[in-house]
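Survey of secondary and tertiary structure
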Amino acid sequence: MNAEREICNECGRSVKVGSELFINRVISLDGSKMQKLMGEPFPNGKFMCMEYDNKLRDNPKVL
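Everything in this summary refers to the structure shown in the same document. Here the structure is a predicted model, which is why all the values come from computation and not from measurement. Along each chain, the written sequence defines residue order, and numbers are assigned to residues from 1. Local features in a predicted model are, by the rule used here, given only for residues with pLDDT of at least 70; side-chain atom pairs are given and counted only at 80 or more, and totals for whole chains, interfaces and linings are based on all residues. As a rule here, side-chain values cover all heavy atoms of the structure and leave hydrogens and water aside.

Attention now goes to the nonpolar core. Ranked by size, the top nonpolar core spans seven residues in total: C8, C11, V15, L21, F47, M48 and C49. Here, residues are in contact when the closest pair of their heavy atoms is within 4.5 Å. The residues contacting C49, other than those within four sequence positions of it, are C8, C11, R13, V15 and L21. To qualify as a nonpolar core, a set must consist of buried Ala, Val, Leu, Ile, Met, Phe, Trp, Tyr and Cys residues joined through side-chain atoms within 4.5 Å. Relative accessible area decides the class of each residue, using a 1.4 Å probe on protein chains only: under 20% of the type maximum gives buried, over 50% gives exposed, and in between gives partly exposed.

We now examine the environment of D30. Secondary structure counts use DSSP, requiring at least four H or I residues in a row for a helix and at least two E residues in a row for a strand, with both numbered from the N terminus. Among the structural elements, D30 can be located in the loop between β1 (26-27) and α1 (32-37). By relative accessible area, which is 30% here, D30 ends up partly exposed. Sequence-distant contacts of D30, that is, excluding residues within four places in its chain, are made with Q35, M38 and K46.

Our next topic: the pattern of salt bridges. Salt bridges are defined as contacts in which a side-chain nitrogen from Lys or Arg sits within 4 Å of a carboxyl oxygen from Asp or Glu. Applying the stated criterion to the full structure yields four salt bridges. For E6, the salt bridge is made with R25, and the minimal N-O distance between the two is 3.0 Å. Remark: R25 occurs in the segment before β1 and E6 occurs in the segment before β1; sequence separation between them is 19 residues. Between E51 and K55 there is a salt bridge, and its shortest N-O distance comes to 3.8 Å. With E51 and K55 both in helix α2 (residues 50-58) and four residues apart, this pair spans about one turn of that helix. Overall, the relative accessible area of 36% leaves E51 in the partly exposed class.

Next comes the structure, spelled out in structure tokens:
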């Protein structure tokens, strides 16, 4: 996988193997074009880190 895409699409931090955020990362099935349309701050990221996944569970985004 392209290392540039192994970032959180919400915070931009690395979620690659060896990073503290690798464990419990959540893959995004949306492409970068869709993520841009959804307003993701880092649309090239293919994952969401555990921290932002937990925030989303606690306070879901309203569409």
